[in-house]
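# Chain and residue survey
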Amino acid sequence: MMNLLFVSGLCVLFGVTLLQTVLVTGASAVFRRCSLAAMLGANLLFLAFSLNIVLRNSIFSFNLYQLTDTLRFSFAVDRLAAYFIMIISLVSTSVCLYSLGYVEHHGTNTGKNFLVGMMSLFILSMLLLVASDNTLALLFCWETMSITSFLMVMFDRDKAETQKSGLFYFVMTQLSTVFLMFGFIAIYHVTGSFAIAPLSSVSLLMKSVIFLSLFTGFGIKAGVMPFHKWLPYAHSASPSNISALMSGVMVKVAIYGLVRYLVFVLSPDRWWGVMILIFGTFSALLGVIYAFKEQDIKKLLAYSSIENVGVILTGIGLYLIFQSYGFTDLATLALIGALFHTLNHAIFKSLLFQTTGAVVNETGTRDIEKMGGLIKVMPYTGVLFLIGAISLAALPPFNGFVSELMIFQAFLQSFIIGNPFLKILLFLGLSLFALTSALAAACFVKAFGVIFLATPRSEEARKAKEVSPAMIAGPMIMAAACLFLGIFSFRIFSALGFTLPIPDMAVIGLTLVVTLALVWLIMRLVSNPTKRTSETWGCGITSQNSKMEYTAAGFSEPILKIFRPIYRTQEKVERTYNNAGKSNFKAAKAEIQTFKLFEERIYLPIAHFVQRFSTYISDLHDVDLDTYILYSFAAVVILILAIGWFV
Amino acid sequence: MAFLIYALLNTIFVILISPLFVSLIKKVKAYMQGRQGPQLLQTYYSLLKLLRKERVYSSNTSLIIRITPYINVVCIIVASLFVPVVFIPGMTAGFGNVILFLYLLVCAKFFMALAGLDAGSTFGGMGSSREMTFSAVIEPVIIIVFAALGLLLQTTNLYQMFATSLQSSLLINPSTLLISLSLFIILIVETSRIPVDNPETHLELTMIHEAMLLEYSGPDLAMMEMSHAVKQTLLMAVLINVLFPWGLTASPNVLSVPVSIIAFMAKGVVLATAVGVFESLFAKSRLFRLPNLFMLAFFFSFSTILFELLK
């Protein structure tokens, strides 16, 4: 039965890729819709498959292709892998539904067909990656995932911005593969096997080398600071359904790799936990601080993904620290918090990217300063975005709150650790974590407020209309999941066999609803029901317009000012005066520039160094024949010397 | 069943007493300025008056500003269940969790800030921007204060915290004094009082909280004012219950509950007077000087943690 589910899902997804890209040329819109519907069905099959394993805690294994004993393409799905398959298939289901409407808006017919085909292969590669039971299959899927996602980022390939983003993404993703490959080869070197199995009797030094290399590899893909720079580029350039998949799911696949190796393969040392905690805290804080200043909505969401990956890593770091001291209950709480946040982030981030895609489609711009008042013309999209924003801002009783609560709860009990310095570090981490969470709320007040509230700031925003039903149905599934997972979190974990010290949100939710009903009833009875519509109060100014509203830049200005050392902002004010006494000025220009710290201090210096080095190497080629003969001669001499030395 | 009685009693008491504290602070400030001030029941009269007025909405607004008063009142009332003042109930699924308590307050604030942007007025946006900024900067302080309390009292549940502080005399403990200083600063910040915000003016330069309330009218305004007053009582109650828990009871009966209520009223009157005097002694601080005040509170609470960890 399980075999049937797994294989049929696999065949459908692969079949769609073949049909869309190779077999059928010039497929029509109807054909594409059928393909997307088939993909949706396949994802539902995988969802049923994974839920079955998660609930029963069983193990499923499947051998697809075997060349020799070590070289095989085989899969094993345990509870952890099934949990991630569930995340991938759940989000993909909603994105496929959304794409039914979204795909038709952009590009040529060939382009659309290609996009659908690649999307199918992309989802398939992620599902198989998570299911892989050996490093070879994992690497193969990892590369398939990277290449298909690169091709989809390049969907709008004529734009200069897309080309730059695509190149940036490609380089970073290949860099991550290099580190992973190094780690896997090191594991093969010490164990002689490609299997993903516990490493026993390996020295701590070797394990640490493997850990650092795998952490870098997975960290680049997950968008951990300082390897995060590709996220805002790739997410803003790609079509919104692809951003939803990349940010919602692909980033989580890297988290899966990290958790798999930390929990099941390497037996971690304490300092790994501290390191991951520090990386997590800084990714979270800097991610949200950078998100706050963004005016480009998709970049804002991308930075917020970096923040959430930081939150997940913080949970993983706490797990490792508590585990190393033997506090199993707290360690479980932190790990489940991290994993639950992985699911929650996948859900609300894909919800936000999907609704953002609808908004960007209608207004034709990603700049939130040109939007405004959209909730009146796009009520469904607006409310769905609001639900995503509430979950992301960790407000009760939604799912984002519950997972952050678990991590908070684990943090608050860190006083039971013996080492005083580690305790102080953890309390500092706690305060930064709280700052992150509060800034995320502020950031999404800005995003929702500027996009959907007040009055339109441009002609396009004024003309926007509500999108097609498919583009509402997709995010609606995710919004329902946000509420469901939040309210029933405690019950779900109890059913799965984890009794955690968290509040039962079903009771809290019920209390909220009952209170709301009572308040509404009382207000209905005692208050005056008359309502009137009038103008916004403007201090006596009668003709207010959208230029007088608060802008996104204005909203984020106080934060920008307080965190000036982090943004490295430079304020320039230039004035020309009418008189010599400089009391009356004619014209003025003011600007605030933010400095791209990571790009200008880390990425570009490395890029420049590589470029100089390769220029030097290529200069060596550009010489006469006699110099080439000299090169050959030198090479032969070095070879002879080397052979004499080693043999 | 005991919890239902607690919920009803606690909620009704907190709602009834909150406007009194608001007027009392105004009265104290008036005395400090040599004025008579409003009578003590004035806030009740104003709320009743507002309930009878009509609601006026701006033509720019959406459903956000219409649902915000309800969300505010509901979040604050549910949060009020987390801070027992009549008696400490037994443990119940989830109630008393300190993080949930804080995030219910954040939830109210989130919607208030959104509604501030809804009407498209310059003032509302300014208020939301400032409110969210300072709520973000004060958040680490709040968490560290409650972490320090959790460390001191060995629990993260407010009910247990109060029960523990009731049994042990914490007043003589230097850590408690440091924490109460931070709690007092949080009370000032979260209730938008001088030197952070000036609750009495509608002047662009000084207002944060009031700027977001400009677009409400009638019953909606009454709900917003009410939830603000209840929030103030809750934060006062946290400070009182940690520092001076005397009179609060953990074993409710016909005798102990009225004692607990009267004791809370007496302590509340003292604290409200202190807040009024404090407000009169300070001037509104410049907006970007405020993080210094927050750092002071952070310093107090973090040094508590250091004391406790290293002693």
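For the structure, see preceding data.
Below is a short write-up of the structure. Quantities reported herein were computed from a predicted structural model and do not represent experimental measurements.

What counts and how
- Residues numbered from 1 in each chain as written.
- Chains lettered and ligands numbered in written order.
- Predicted model: local features only at pLDDT ≥ 70, side-chain atom pairs only at ≥ 80, totals over all residues.
- Helix = DSSP H or I, 4+ residues; strand = E, 2+ residues; numbered from the N terminus.
- Rg over C-alpha atoms; globule rule 2.2 N^0.38 Å.
- Buried ≥ 20, exposed ≤ 12 C-beta atoms within 10 Å, placed from the backbone.
- Contact = placed C-beta atoms within 7 Å.
- Core = buried A, V, L, I, M, F, W, Y, C linked by C-beta atoms within 7 Å.
- Domains from an automatic or database assignment.
- Nonpolar A, V, L, I, M, F, W, Y, C, P; charged D, E, K, R; others polar.
- Pairing = 2+ DSSP bridges.
- Expected span 1.5 Å × (residues − 1).
- Axes fitted to C-alpha atoms, helices over the stretch in contact; angles between N-to-C directions.
- Parallel < 35°, antiparallel > 145°, perpendicular 65-115°, else oblique.
- Left-handed = near helix turned anticlockwise from the far one by under 90°.

### Re the overall build of chain B
Within chain B, the regular secondary structure consists of 11 helices and one strand. When its helices and strands are written in sequence order, chain B yields α-α-β-α-α-α-α-α-α-α-α-α. Since a compact globule built from 311 residues should have a radius of gyration of about 19 Å, the 19 Å found for chain B is in line with a globular shape. Here the C-alpha coordinates of chain B stretch approximately 55 × 45 × 45 Å along the principal axes. In chain B, which comprises 311 residues, the proportion classed as buried is 61%. For chain B, long-range pairs separated by at least 24 residues make up 79% of all intrachain contacts whose partners lie at least 6 apart in sequence.

### Comments concerning the overall build of chain A
The helix and strand tally for chain A stands at 24 helices and five strands. Computed over C-alpha atoms, the radius of gyration of chain A comes to 27 Å, within 12% of the 26 Å expected from 2.2 N^0.38 for 647 residues, which places it in the range of a compact globule. Judged by the C-alpha coordinates and their principal axes, chain A covers about 95 × 75 × 65 Å. For chain A, the proportion of contacts with a sequence separation of at least 24, taken over those separated by at least 6, is 78%.

### Considerations on the environment of Met250(A)
Residue and element names in this part refer to chain A. Tracing the backbone through its elements, the reader meets Met250 in helix 9 (residues 240-265). With 133 residues separating them along the chain, Met250 and Val383 place their C-alpha atoms 26 Å apart. Ignoring sequence-local partners within four residues, the contact set of Met250 consists of Met126, Met145, Ser149 and Leu245.

### Quick word on unusual backbone geometry
What is expected of a backbone is that most residues other than glycine have negative phi and most peptide bonds are trans. Residues Met225(A) and Pro226(A) are joined by a peptide bond in cis, for which omega reads 5°. Structurally, Pro226(A) can be placed in the loop between helix 7 (204-222) and helix 8 (230-237). A cis geometry characterises the amide bond from Pro396(A) onward to Pro397(A), with omega recorded as 0°. Its location among the elements puts Pro397(A) in the loop between helix 14 (379-392) and helix 15 (399-412). Even without a glycine there, the phi angle at Ala454(A) is positive, about 60°. Among the structural elements, Ala454(A) can be located in the loop between helix 16 (420-452) and helix 17 (459-463). Within the chain, Gln154(B) stands out as a residue other than glycine whose phi angle is a positive 60°. By the element assignment, Gln154(B) lies in the loop between helix 5 (122-153) and helix 6 (158-167). Overall, Gln154(B) belongs to the partly exposed group, with 13 C-beta atoms counted inside 10 Å.

### What about the environment of Val145(B)?
When you line up the elements, Val145(B) lands in helix 5. If near-sequence neighbours (up to four positions away) are discounted, Val145(B) is found in contact with Ile179(B), Ser182(B), Leu183(B), Ile186(B) and Ser301(B).

### Brief notes about the nonpolar core
Counting 325 residues, the largest nonpolar core has Ile85(A), Met126(A), Val130(A), Ile316(A), Ala334(A) and Ile186(B) as the members making the most contacts within it. Of the residues that make up this core, three or more belong to each of domain 1 (268-514) and domain 2 (553-576 + 586-595) of chain A. In contact with Val130(A), other than residues within four places in its own chain, are Ala81(A), Phe84(A), Ile85(A), Ile88(A), Val253(A) and Tyr256(A).

### Quick look at the interface of chain B and chain A
Taken together, the contacts link 63 residues of chain B with 64 residues of chain A. Contributing elements (two or more residues each) for the side of chain B that touches chain A: helix 2 (42-52), strand 1 (55-58), helix 3 (63-80), helix 4 (98-118), helix 5, helix 9 (218-243) and helix 11 (290-310) of chain B. No other element matches helix 5 of chain B, which puts 18 residues into the side of chain B that touches chain A. A class-by-class count of the residues in the side of chain B that touches chain A yields 38 nonpolar, 17 polar and eight charged. Note that strand 3 (residues 531-534) of chain A and strand 1 of chain B share four bridges and pair parallel. Within strand 1 of chain B, the position partnered with Thr533(A) by the bridge is Tyr57(B).

### A short note on the environment of Leu271(B)
Residue and element names in this part refer to chain B. Along the polypeptide, Leu271 turns up in helix 10 (residues 256-281). On the basis of neighbour counts, which here come to 22 C-beta atoms within 10 Å, the residue Leu271 falls in the buried class. A C-alpha to C-alpha distance of 9.4 Å links Leu271 and Ile25, two positions 246 residues apart in sequence. Those residues within four positions of Leu271 in sequence are excluded, and the remaining contacts are Met236, Leu239 and Ile240.

### Observations concerning helix 10 (residues 270-293) of chain A
Between its first and last C-alpha, helix 10 of chain A extends 36 Å over 24 residues, near the 34 Å set by a 1.5 Å rise per residue. Counting buried positions along helix 10 of chain A gives 18 out of 24 residues, so the element sits mostly inside the fold.

### Observations regarding the packing of helix 10 of chain A against helix 11 (residues 297-325) of chain A
All names here are of chain A. It is the contact of helix 10 with helix 11, at a shortest axis distance of 7 Å, that shows an interaxial angle of 160°. The angle between helix 10 and helix 11 falls in the class roughly antiparallel. In this structure, helix 10 crosses over helix 11, and the sense of that crossing is left-handed. Taken together, the residues that form the contact of helix 10 with helix 11 break down as 19 nonpolar, 10 polar and two charged.

### Overview of the pairing of strand 1 (residues 60-66) of chain A
Residues and elements named next belong to chain A. Sheet topology places strand 1 next to strand 2 (residues 72-77); six bridges connect them, and they run antiparallel. If you follow Phe62 over to strand 2, its bridge partner there is Phe75. In textbook terms, the turn of a hairpin is the stretch between consecutive antiparallel strands, and for strand 1 and strand 2 this stretch comprises five residues.

### So, the packing of helix 10 of chain A against helix 16 of chain A
Residues and elements named next belong to chain A. Their axes nearest at 9 Å, the elements helix 10 and helix 16 cross at an angle of 25°. In terms of orientation, helix 10 and helix 16 fall into the roughly parallel class. When the axes of helix 10 and helix 16 are compared, the crossing they make is left-handed. Counting all contacts with helix 10, which are made through Leu277, Thr281, Ala284, Leu285, Val288, Ile289, Ala291 and Phe292, the residues of helix 16 involved are Gly429, Leu432, Phe433, Leu435, Thr436, Leu439, Ala440, Ala442 and Cys443. Residues that form the contact of helix 10 with helix 16 fall into these classes: 14 nonpolar, three polar and no charged.

### A short note on helix 4 (residues 109-131) of chain A
Over its 23 residues, helix 4 of chain A runs 34 Å from end to end, which matches the ideal 33 Å to within 8%, given 1.5 Å per residue. With 19 of 23 residues buried, helix 4 of chain A is to be regarded as a mostly interior element.

As far as function goes, none of this settles anything; it's purely spatial.
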